[in-house]
Amino acid sequence: MESWSVDQVCNWLVQRNLGELVPKFREEEVSGAALLALNDRMVQQLVKKIGHQAVLMDLINKYQQQNNGLESSAYSCEIAPPKSPEANSGKNMKHVFARCETVQWTNSYILPEFPYDVQCILAERKCPDHSMRIRIIEFLQADMTKYLEGSLYPNSQQYNVVVNALLQAYPFLDDDGNGFLLWKRALKDRFKYVRRPIEDDEQVMRNKCKFGHRRGQTKKSSAENRCDEIQTVQIKEEIVYLEGHDTEMDEHIIWFKQEYMKTERNWEEVDKRMNKTLETRRKMISNKAPLKEILRLFPFLRCPYQLFREFQLLTHMDIYKKTVEILEIYSENILTLYSVRNNPINVMLRENLKQHTEEDILKYMKMTATCLLLPDVFGDDSSLFAAVNEEVKVLTPVLEVKNPFSVNTCEFALYVEKEKLTQLDDCTMALAALLAAFHVFGIQCPKRIHNTFNFLESLVLERKSPQSLPKKVKRKLEELECLNS
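Conventions and cut-offs
Residues numbered from 1 in each chain as written. Predicted model: local features only at pLDDT ≥ 70, side-chain atom pairs only at ≥ 80, totals over all residues. Heavy atoms only, no water. Salt bridge = Lys/Arg side-chain N within 4 Å of Asp/Glu carboxyl O. Helix = DSSP H or I, 4+ residues; strand = E, 2+ residues; numbered from the N terminus. Buried < 20%, exposed > 50% of the residue type's maximum accessible area, 1.4 Å probe, protein only. Pairing = 2+ DSSP bridges. Axes fitted to C-alpha atoms, helices over the stretch in contact; angles between N-to-C directions. Phe/Tyr/Trp six-rings, centres within 6.5 Å; stacked < 30°, edge-to-face > 60°. Lys NZ or Arg CZ within 6 Å of the ring centre and 35° of its normal. pLDDT = per-residue confidence, 0-100. Contact = heavy atoms within 4.5 Å. Core = buried A, V, L, I, M, F, W, Y, C linked by side-chain atoms within 4.5 Å.

Participant: Got a minute to help me understand the pattern of salt bridges in this structure?
Facilitator: Pairs may arise between side chains of opposite charge once their charged atoms sit close together. Inspection of the entire model under this criterion finds 15 salt bridges. E251 is paired through a salt bridge with R273; the nearest N and O atoms lie 2.8 Å apart. A residue pair is termed long-range when its members are at least 10 positions apart, and E251 in helix α14 (residues 247-260) and R273 in helix α15 (residues 267-276) qualify at 22 residues. Overall, E251 belongs to the partly exposed group, its relative accessible area being 37%. E310 is the partner of R281 in a salt bridge, and the nearest nitrogen-oxygen pair spans 2.9 Å. Of the two residues, R281 sits in helix α16 (residues 278-286) while E310 sits in helix α18 (residues 304-315), which places them 29 residues apart along the sequence. On the accessibility criterion, R281 (0% relative accessible area) is buried. It is possible to trace a salt-bridge network through shared partners that takes in E251, E269 and R273.

See the structure below:
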């Protein structure tokens, strides 16, 4: 192959159903020697379709393996060679043979060899950060595309098989029991991202037309696509694009940043601009843009008022008002439940009640205790709800509460991804902000706190004991309403 001319390379491409690449290969004068010298980045620049990239790199890798004496294992299995430093070790050869037996989609899918830096993190059983998660997802997506012979449309079973294999191999990636759904969604989003810019693949265009993408519009030229890319804001890690980005959006984002730094803000103008940018913001969130990037572009979501306002735009409900009503209605009944009578929060409440006689302070303390006791009432994990006088340890939205019954030194804050999002005035505002954060930022509630949030949402959204509520929640809600009556 090293001595092949450009024409011979083009004939080779045609024989392997890659004839679409011939014009570009002729234009770039890719000979046999140049072909074997291509790296991943060169292939990405030379070949537009992700599927063709995967197939081409696979063919090059197979030829190189054949020359290195690995034809009997790697070439016959049509897989890429191991890239770790121990590529010739017995362990990695065992992995190669295992994947030979699972080229077809089966429930015994074997994970590919991850890049060396990813292997190091996984070997240390460390929870990967956002960028490392993206690396894992990108690698799995490329491997799936190869199995699908270049197709970018896995079915649900294939997604399930791959994610199950990942979590079985690395159980610590199962975040609070929600890992399967989170990783599956991330993998599906990655395929969507890869498909988005493709305009000349028959399967992709057929599905875009089927599901309403660009309906009634003509296909754009290469020049128009490049122009669109220039006018598009690329989000960190190249996951999400701001669709419909223009000069006006730039102006809004710049204004938000400048206004947020002021001590006296024009809240009327903030409301107007948040309304105008709502659609773009919701697209970013639905496409799983990094939370830090969302807050960088729209810093006013750190303000409780705007967080509540965003929730109201989505649900048409005043979450702060509804939260006040819930705590006022159910406070006395919850505090007298036998299941929480000896709870440390309740004990702390009774001790502090003895030190005060003012009605407002007593009411404040009882509502604070009611808020903090909710997970225990429904048998949930309170650490996923609030960290009371402790360090925040979970990634999902959670409250940090310090000195909850001290009138002068109590503090409430909302944390997301272990970072402080906003400071809050009292427990009522804190509880409302916690509920709003899950909805506004599109974050899935952990299973171990489901009952508590089902109870609260049924009241906030005025869904009184719907059939979808778990039996335990419906039973507890009926019990509390009976006590109240």
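Participant: In this structure, what is going on with the sheet that holds strand β1 (residues 386-388)? I would like to understand it.
Facilitator: By definition, the strands of a sheet pair up through backbone hydrogen bonds, in either a parallel or an antiparallel sense. Across the sheet, four strands lie side by side as β1-β2-β3-β4; this open sheet has mixed pairing. Two strands lie at the open edges of the sheet, namely β1 and β4 (419-424), each paired on one side alone. The sheet shows a mean angle of 25 degrees between the axes of neighbouring strands, taken without regard to direction.

Participant: Please clarify how the packing of aromatic side chains should be interpreted in this entry.
Facilitator: The description of an aromatic ring pair rests on the distance of the ring centres and on the angle between the ring planes. A full pass over the atoms with the stated rule returns 16 aromatic pairs. With centroids separated by 6.0 Å and ring planes inclined at 65 degrees, the aromatic side chains of F256 and F300 adopt a geometry described as edge-to-face. Of this pair, F256 sits in helix α14 while F300 sits in the loop between α17 (291-297) and α18; the two residues are 44 residues apart in sequence, bridging distant segments of the chain. Directly above the ring of Y260 sits R265, whose terminal nitrogen or CZ lies 4.6 Å from the centroid. Between R281 and the ring centre of F298, over which it is positioned, the NZ or CZ distance is 5.0 Å.

Participant: Can you help me understand the confidence of the model for the chain in this one?
Facilitator: Mean pLDDT for the chain: 76, with 74% of residues reaching 70 or above. Mean pLDDT values for the elements of the chain range from 38 in helix α6 (residues 71-77) up to 94 in strand β3 (residues 411-416). Below a pLDDT of 50 lies the segment residues 70-104, which in the model reaches 63 contacts outside its immediate sequence neighbourhood of four places, other chains included. Across residues 465-470, where pLDDT falls below 50, the model places eleven contacts with residues more than four positions away in sequence or in other chains.

Participant: How should I be thinking about the nonpolar core in this particular structure?
Facilitator: Ranked by internal contacts, the top residues of the largest apolar core, which has 81 residues, are F385, L414 and F441. Of the residues forming this core, the biggest block, twelve residues, is contributed by helix α22 (residues 427-440). When residues no more than four places from it in sequence are discounted, the contact partners of F385 are C371, L372, L374, P375, V398, L399, L431, L434, I449, T452 and F453. Within the second largest apolar cluster, 23 residues are counted, among which are F114, V163, F191 and V194.

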